[in-house]
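Topology and contacts: notes
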Amino acid sequence: MTPLDASALTLLVDILDAGNLSQAARKLKMTRANVSYHLNQLERAVGMQLVRRTTRRVEPTEAGLRLLQHGRAIQGELTAAQEALASLGQGLHGRVRLGVPTGFGQVVLAPWLIDFKRRHPGIVLDVLFDNRVDDLLRDEVDLAVRVMSEPPPTLVSHTLGPVRHVACAAPHWIAANPMALEPEALSQAPVLTAGVSGRSLRLAAYRGSERREVALEPTLTSENFQFLHQAVDAGLGIGLLPDYVVAADVAAGRLGLLLTDWRLSIFGTHMVVLHMPDRYQTRAIRTFLDELLALGRTRLAEAAQVGAPA
């Protein structure tokens, strides 16, 4: 068998990470024909098919998967070598691309992200505020903060803590609109919360071993939690928001809580940080991840103390 070319192996990684030849060509600043040529040369050198081509994607064969692992290892070593040279006598350098939910990103992480960038000017931060749970490869993120109940088994996950939604409203709205202290009352109330396009919203409510599920028909939905917070404060109805979004206002008495005997969940029960299992993490990414975990766990624990059910 012809000796393998390291650059050809890393090209295979780029092709499979991109998902198709056209995307890989754009990323590598090559023509699609050139990428296809080098892939064909690699397959000819090893004497077997490495990817299966469809009209939209390329997927690895069993042989391609094995070479993919070695290609990632080579990419990691090259990145580590470049990092070692770049860091001689200097601070941290590199790029960190983070995907984070809008509410948690704006309310909790934004001040820390600014402080982190100030302390590490050599790191390029690329922050994607997004509530979608999508493919890390497609978004090309190094780390993704997501709210979910069960992390995907194919990814490495670090738990930040439980996520609890609270039913909250402006004190003057609560005084003018007495309501039953049962989750079902929310189905008849003006509810303000995040929405999911094309999907009905269902609230899960827990009290001890009891579980109830309520279908919601919100009168105001948005992916911008700061806007939802303002709408609740203005007295438009009951906000179903993560506790960390409203914790400060609840503690100060600017917002009141409803259904405090119940633990509420809409989109997931835990917040986690996800990353690919076989992708090399630079010192910049490792430092960022360590600080993110410490901060996130502290802030979620603090928020959970506000109006926590018995």
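The structure this text deals with has already been given above.
First, a word on what this report is: a plain description of the structure on this page.

Here is what the cut-offs are and how they apply
Residues numbered from 1 in each chain as written. Predicted model: local features only at pLDDT ≥ 70, side-chain atom pairs only at ≥ 80, totals over all residues. Heavy atoms only, no water. Pairing = 2+ DSSP bridges. Helix = DSSP H or I, 4+ residues; strand = E, 2+ residues; numbered from the N terminus. Axes fitted to C-alpha atoms, helices over the stretch in contact; angles between N-to-C directions. Core = buried A, V, L, I, M, F, W, Y, C linked by side-chain atoms within 4.5 Å. Buried < 20%, exposed > 50% of the residue type's maximum accessible area, 1.4 Å probe, protein only. Contact = heavy atoms within 4.5 Å. Bend = angle between axes of the 7 residues up to and from the residue. Polar contact = N/O pair within 3.5 Å; in protein donor to acceptor, adjacent residues only side chain to side chain. Left-handed = near helix turned anticlockwise from the far one by under 90°. Nonpolar A, V, L, I, M, F, W, Y, C, P; charged D, E, K, R; others polar.

In a beta sheet, neighbouring strands are held together by backbone hydrogen bonds and run either parallel or antiparallel to one another. The sheet built from five strands is open, its strands ordered β4-β3-β5-β15-β6 with mixed pairing. One side of each edge strand has no neighbouring strand; the edge strands of this open sheet are β4 (123–129) and β6 (156–162). Taken pair by pair, the neighbouring strands of this sheet meet at an average axis angle of 20 degrees, ignoring direction. Of the pairings in the sheet, the one linking strand β5 (residues 143–148) to strand β15 (residues 270–275) comprises five bridges and is antiparallel in character. Within β15, the position partnered with M148 by the bridge is H270.

Below, the discussion takes up the nonpolar core. By size, the foremost hydrophobic cluster in this structure holds 41 residues, and its most contacted members are L98, F104, L109, V145, M271 and F288. Those elements giving two or more residues to this core turn out to be β3 (94–100), α5 (102–119), β5, β7 (165–169), α8 (225–233), α9 (243–251), β15 and α10 (283–304). Per-element tally for this core: the top contributor is α10, with eight residues. If sequence neighbours within four positions are ignored, M271 has contacts with F104, V145, R146, V147, H158, T159, L160, G161, V163, Y244 and L300.

Here the focus is α5. Maximal helix bending in α5 amounts to about 65 degrees, located at L109; proline P111 follows within four positions. Where α5 is concerned, the buried positions are T102, G103, F104, G105, V108, L109, W112, L113 and F116.

Mapped onto the secondary structure, D142 falls in the loop between α6 (136–139) and β5. From its side chain, D142 meets the backbone nitrogen of R97 in a polar contact 2.8 Å long. For D142, the contacting residues outside a window of four places in its chain are R95, V96, R97, L274, H275 and I285.

Residue position: D249 is located in helix α9. The exposure class of D249 is buried, given its relative accessible area of 12%. Of note is the side chain of D249, whose polar atom sits 2.7 Å from the side chain of H229. Beyond its immediate stretch of four places on either side in the chain, D249 contacts H229, R254 and L255.

Attention shifts here to the packing of α5 against α10. In contact at an axis separation of 11 Å, α5 and α10 are set at 140 degrees when each is read in the N-to-C sense. Considering how the two elements wind past one another, α5 and α10 form a crossing that is right-handed. Contact residues: α5 offers F104, V107, V108, L109, W112, L113, F116 and R119, while α10 offers T287, F288, E291, L292, L295, G296, R299 and L300. Among the residues forming the contact of α5 with α10, the class breakdown is eleven nonpolar, two polar and three charged.

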